[in-house]
Amino acid sequence: MTKALSQMTIHELHELLKKRAVSSREITQAVYQRIDAVEPRVHAYITLTRETALKQAAAADEKTKQGTIQPLTGIPLAIKDLLCTAGIRTTCGSKILEQFIPPYNATVISRLKEQRAVLVGKTNMDEFAMGSSTETSYFGPTANPWDLERVPGGSSGGSAAAVAADECIAALGTDTGGSIRQPAACCGIVGMKPTYGRVSRFGLIAFASSLDQIGPMTKDVTDTALLMNYISGHDPRDSTAVNREVPDYTRALIPDAKGLRLGVPREYFGASGIDPEVEKAVWEALRILERQGATLTEITLPHTEYAVAAYYLIAPAEASSNLARYDGVKYGYRHPKETDLRDMYEITRAEGFGAEVKRRIMLGTYALSAGYYDAYYRKASQVRTLIRQDFEEAFKACDLIVTPTAPTPPFRQGEKLNNPLQMYLSDIFTIPANLAGLPGISIPCGLSSRGLPIGLQIIGNLFEEEKIIHGAYCLEQNSDWHLTKPSLA
Amino acid sequence: MKITKHDVEHVARLARLRFSEDQLDLFTDQLNTILTDFDKLQQLDTTGVEPSTHAANLSNAFRDDQIRPSLAGEEALKNAPAHERSCFKVPRIIEG
């Protein structure tokens with residue numbers, strides 16, 4: 001069976017484009033045909049940019065004819081709607097930014113444009129990236145392409161669903177506590193959160209600035225390596241974007257696992273709330289890697305059980321400060337009636353933000369407020385140090401840490417929406433890497449008995465994305481989960 | 001009870017948010033559930049542990065103070081709900 005153009009990967013399409021066997025215009029049209037067919041059921045996008053995309057495709061084809069094709073030239077990509085795109089509205093999934101049209105591009109967008117990639121549209125997300133199910137979006141929920149009654153994970157659920165449903169070739173997401181990796185796991189795709197500082201955050205609408213990171217969401221590990229090559233690197237406009245050479249990540253695409261020491265943290269297995277099917281699938285994947293030459297070592301990350309609490313104090317604290325800028329003055333929604341200034345602020349924010357965003361602003365404001373700062377914010381920041389030290393210790397005995405990405409396969413829409421604490425626990429395995437700044441990937445490692453995707457997480461040491469890509473590629477080459485597609489029947 | 005309805009009202013004022021009575025009850029209830037769970041942090045002895053405010057071990061990034069082009073005023077005002085000449089316009093602050 002031959003694949004449709006929309007089903008292909010970046011590297012497959014690049015080969016075809018290079019040979020001029022296909023044009024970017026044809027690929028882009030194929031992607032929009034697919035969108036027309038499935039988007040009413042999936043709702044992966046907030047905004048589609050069909051007209052400009054077709055123009056970008058034509059321009060990419062022109063460049064290709066002139067012989068200046070680059071690896072991403074002419075490839076239709078989807079972008080999470082919290083990365084600023086000049087002239088294209090960027091909503092962050094919120095009413096308060098419903099009409100916001102950024103005057104500039106995020107650095108990652110400029111880099112994709114230099115490559116002459118094609119922008120398909122802006123993907124749906126939990127409002128301000130606060131959520132694990134893409135249900136808190138002001139624009140309505142995204143469905144999981146594997147089971148339309150289930151969530152695609154979140155907050156980058158629109159990007160994950162778009163990739164899984166072939167409504168784009170690959171996508172960018174952002175990850176503050178698991179928002180790339182957890183939806184990647186839920187939708188059966190590959191998603192990587194790079195090391196904090198590897199990718200510039202300029203033009204990323206801030207949620208929690210010490211945790212946010214942009215990363216690729218793709219159909220296979222090779223595409224993740226390719227996107228990493230072009231989005232990484234120093235940026236004078238983000239003082240936390242580290243000035244460090246960007247390696248060619250595709251050189252880490254090594255099909256065996258010889259010499260890789262894999263750490264298996266005992267706290268991530270047999271924990272309460274973890275589905276036995278998830279655990280079984282991860283163990284089977286570990287055995288595959290072992291057969292390919294990896295060694296397994298049991299390790300311990302003793303402060304794991306405190307990570308969710310520390311994160312849900314630190315991230316909301318930073319968010320309460322970052323979101324203070326939405327006050328109806330400089331941009332975004334303003335309550336339309338004539339009021340005094342204080343009422344204008346309060347009514348604008350009461351009307352403009354959804355319940356989860358308000359909950360986190362409240363939690364964060366409380367954790368930072370006089371009398372509670374030491375007990376909550378400072379305590380959580382100290383626990384963050386202990387979690388970092390756990391990882392430093394663990395990486396003395398292993399190169400990579402392998403865990404489940406999420407404790408369960410994707411849950412039903414509505415199941416956790418009214419129970420915030422339950423929702424927060426969806427991120428239990430992804431949060432520690434953000435607190436420690438470490439890179440992590442989620443790759444498909446099986447299907448549950450109900451046919452729902454299961455993801456495996458690999459966490460690496462700081463700036464060791466290459467080792468992660470190596471391990472992930474080995475697993476991918478020795479299994480075929482990444483080739484299994486949702487039927488969308 | 002970790003946090004009372006009165007506390008929630010106070011924090012809402014600090015955060016420039018406003019809630020209906022029903023929402024105040026719901027938020028008080030939910031914040032209590034969350035904060036009670038987070039009490040597990042208090043079990044940990046963190047005496048002498050430096051807090052981490054960042055994951056990256058970064059020092060300040062310095063550059064020369066050179067004048068470079070920045071966003072044009074009219075561009076910066078384009079998304080404003082209200083503006084007049086080159087200013088953002090807000091409700092009257094001073095009586096008179």
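A. Representation of the overall build of chain A. Assigned secondary structure in chain A consists of 15 helices and 11 strands. The C-alpha radius of gyration of chain A comes to 21 Å, within 12% of the 23 Å expected for a compact globule of 489 residues. Along the first, second and third principal axes, the C-alpha atoms of chain A reach 65 × 55 × 45 Å. In chain A, buried positions account for 67% of the 489 residues. Considering only intrachain contacts with a sequence separation of at least 6, the fraction spanning at least 24 residues in chain A is 76%. Element-wise, carbon and sulfur atoms account for 49% of the exposed surface of chain A, whose accessible area totals about 16,000 Å². With 52 positive and 55 negative side-chain charges, chain A shows a separation of 3 Å between the mean positions of the two kinds.

B. Examining the environment of G354(A) more closely. Residues and elements named next belong to chain A. Along the chain, G354 falls in the loop between α10 (341-352) and α11 (355-368). The exposure class of G354 is partly exposed, given its relative accessible area of 23%. Along the primary structure G354 and V282 are separated by 72 residues, whereas in three dimensions their C-alpha atoms are 36 Å apart.

C. Structural context of the side chain of E476(A). Here E476(A) lies in helix α15 (residues 465-477). Excluding residues within four positions of it along the chain, E476(A) makes contact with V190(A), D220(A), V221(A) and H482(A).

D. Highlighting the interface of chain B and chain A. Chain B puts 51 residues into the contact, and the matching count from chain A is 66 residues. Of the roughly 5,300 Å² buried where chain B meets chain A, counting both sides, 66% is carbon and sulfur surface. The tally of links from chain B across to chain A stands at 2 salt bridges. Ionic pairing is found between D343(A) and R18(B), a salt bridge with its closest N-O pair at 2.6 Å. Linking chain B to chain A there are 21 residue pairs in polar contact (both at pLDDT 80 or more). Those elements that place two or more of their residues in the side of chain B that touches chain A are α1 (5-14), α2 (21-38) and α3 (73-77) of chain B. In terms of residues, the side of chain B that touches chain A owes the most to one element, α2(B), which gives 8 residues. Considered class by class, the residues forming the side of chain B that touches chain A number 30 nonpolar, 10 polar and 11 charged.

E. Main features of the pairing of strand β5 (residues 190-193) of chain A. Residue and element names in this part refer to chain A. In β5, alternate side chains face the same way, and those of V190 and M192 on one face and G191 and K193 on the other are all buried. Bridge analysis of β5 against strand β6 (residues 213-218) gives 2 bridges, and the strand direction is antiparallel. Its bridge partner being in β6, G191 is matched across the sheet by M217. Strand direction decides the pairing type here: β5 and strand β10 (residues 440-447), joined by 3 bridges, are antiparallel.

F. Summary view of the nonpolar core. Residues F128(A) and F391(A) are the most contacted members of the largest nonpolar core, which totals 167 residues. Here this core gets 11 residues from one element, more than from any other, and that element is helix α9 (residues 307-322) of chain A.

G. Inspection of the state of the cysteines at higher detail. Residues and elements named next belong to chain A. Across all of its chains, the model carries 0 disulfides over all chains by this definition. Of all cysteine sulfurs in the structure, the one in C186 sits closest to C445, which takes part in no disulfide; the separation is 12 Å. Take C445: its relative accessible area is 5%, and that puts it in the buried class. Here C474 stays unpaired: no disulfide links it, and the sulfur of C445, its closest cysteine neighbor, is 14 Å away. C474 gets classed as buried once you look at its relative accessible area, which sits at 0%.

H. Examining the pattern of salt bridges more closely. Tallied over the entire structure, the rule returns 31 salt bridges over all chains. Between K40(B) and D37(B) there is a salt bridge, with the nearest N and O atoms lying 3.2 Å from each other. Judged by relative accessible area, D37(B) falls into the partly exposed class, the value being 27%. Ionic contacts of the salt-bridge type, sharing partners, join the residues R261(A), D399(A), E464(A) and K467(A) into one network.

I. Representation of the pairing of strand β4 (residues 170-175) of chain A within the structure. All names here are of chain A. The element β4 is largely enclosed, with a buried count of 6 among its 6 residues. Because side chains alternate across β4, one face comprises the buried residues A170, L172 and T174, and the other comprises A171, G173 and D175, equally buried. Bridge analysis of β4 against β6 gives 5 bridges, and the strand direction is antiparallel. Bridge assignment links G173 to a residue of β6, and that residue is G215.

J. Quick peek at a nonpolar patch on the surface. A surface patch of nonpolar side chains, amounting to about 300 Å² of accessible area, comprises V90(B), I93(B) and I94(B). Within the secondary structure, I93(B) sits in the segment after β2 (87-88).

K. Focus on α15(A). Residues and elements named next belong to chain A. An ideal rise of 1.5 Å per residue puts 18 Å on 13 residues; α15 measures up with 18 Å between its terminal C-alpha atoms. Among the 13 residues that make up α15, 10 are buried, leaving the element largely enclosed by the rest of the structure. Those residues of α15 lying buried are E465, I468, I469, H470, G471, A472, Y473, C474, L475 and E476. Packed against the buried residues of α15 are β5, α7 (221-231), α8 (276-291), β9 (400-404), β10 and β11 (453-460).

L. Representation of the packing of α8(A) against α15(A) within the structure. All names here are of chain A. With their axes 10 Å apart at the nearest point, α8 and α15 run at an angle of 100° to one another. By the criterion of interaxial angle, the relationship of α8 to α15 is roughly perpendicular. Residue-level inspection shows A285, I288 and L289 of α8 in contact with α15, the latter providing G471, C474 and L475. When its residues are assigned to classes, the contact of α8 with α15 shows 5 nonpolar, 1 polar and no charged.

M. Broad picture of the sheet that holds strand β2 (residues 76-80) of chain A. Residue and element names in this part refer to chain A. Spatially, the 11 strands line up as an open sheet ordered β1-β3-β2-β4-β6-β5-β10-β11-β9-β7-β8, and their pairing is mixed. The open sheet has two free edges, formed respectively by β1 (45-48) and β8 (295-299), since each of these has just one partner strand. Across the sheet, the mean angle separating the axes of adjacent strands is 30° when strand polarity is ignored. Packing against the sheet, α15 makes contact with β5, β9, β10 and β11, and its axis sits at approximately 150° to β11.

N. Quick peek at the packing of aromatic side chains. Considering all chains together, one arrives at 17 aromatic pairs over all chains under this definition. On the basis of an interplanar angle of 80° and a centroid distance of 4.8 Å, the ring pair of Y311(A) and Y312(A) is categorised as edge-to-face. Take Y311(A) and Y312(A): they sit in the same class, and that class is buried. Ring-pair connections join several aromatic residues into one group, and the members of that group are F100(A), F128(A), Y326(A), Y331(A) and F353(A). Against the face of F27(B) rests R359(A), its NZ or CZ located 5.7 Å from the ring centre.

What counts, and where the lines are drawn
Residues numbered from 1 in each chain as written. Chains lettered and ligands numbered in written order. Predicted model: local features only at pLDDT ≥ 70, side-chain atom pairs only at ≥ 80, totals over all residues. Heavy atoms only, no water. Helix = DSSP H or I, 4+ residues; strand = E, 2+ residues; numbered from the N terminus. Rg over C-alpha atoms; globule rule 2.2 N^0.38 Å. Buried < 20%, exposed > 50% of the residue type's maximum accessible area, 1.4 Å probe, protein only. Contact = heavy atoms within 4.5 Å. Areas by Shrake-Rupley, 256 points an atom, 1.4 Å probe, with all protein chains shown as cover. Lys, Arg positive; Asp, Glu negative; His and termini not counted. Charge placed at Lys NZ, Arg CZ, Asp CG, Glu CD. Buried area = accessible area lost by both parts, 1.4 Å probe. Salt bridge = Lys/Arg side-chain N within 4 Å of Asp/Glu carboxyl O. Polar contact = N/O pair within 3.5 Å; in protein donor to acceptor, adjacent residues only side chain to side chain. Nonpolar A, V, L, I, M, F, W, Y, C, P; charged D, E, K, R; others polar. Pairing = 2+ DSSP bridges. Core = buried A, V, L, I, M, F, W, Y, C linked by side-chain atoms within 4.5 Å. Disulfide = S-S within 2.5 Å. Patch = residues over 30% accessible without salt bridge, like charges linked within 9 Å, V, L, I, M, F, W, Y side chains within 5 Å. Expected span 1.5 Å × (residues − 1). Axes fitted to C-alpha atoms, helices over the stretch in contact; angles between N-to-C directions. Parallel < 35°, antiparallel > 145°, perpendicular 65-115°, else oblique. Phe/Tyr/Trp six-rings, centres within 6.5 Å; stacked < 30°, edge-to-face > 60°. Lys NZ or Arg CZ within 6 Å of the ring centre and 35° of its normal.

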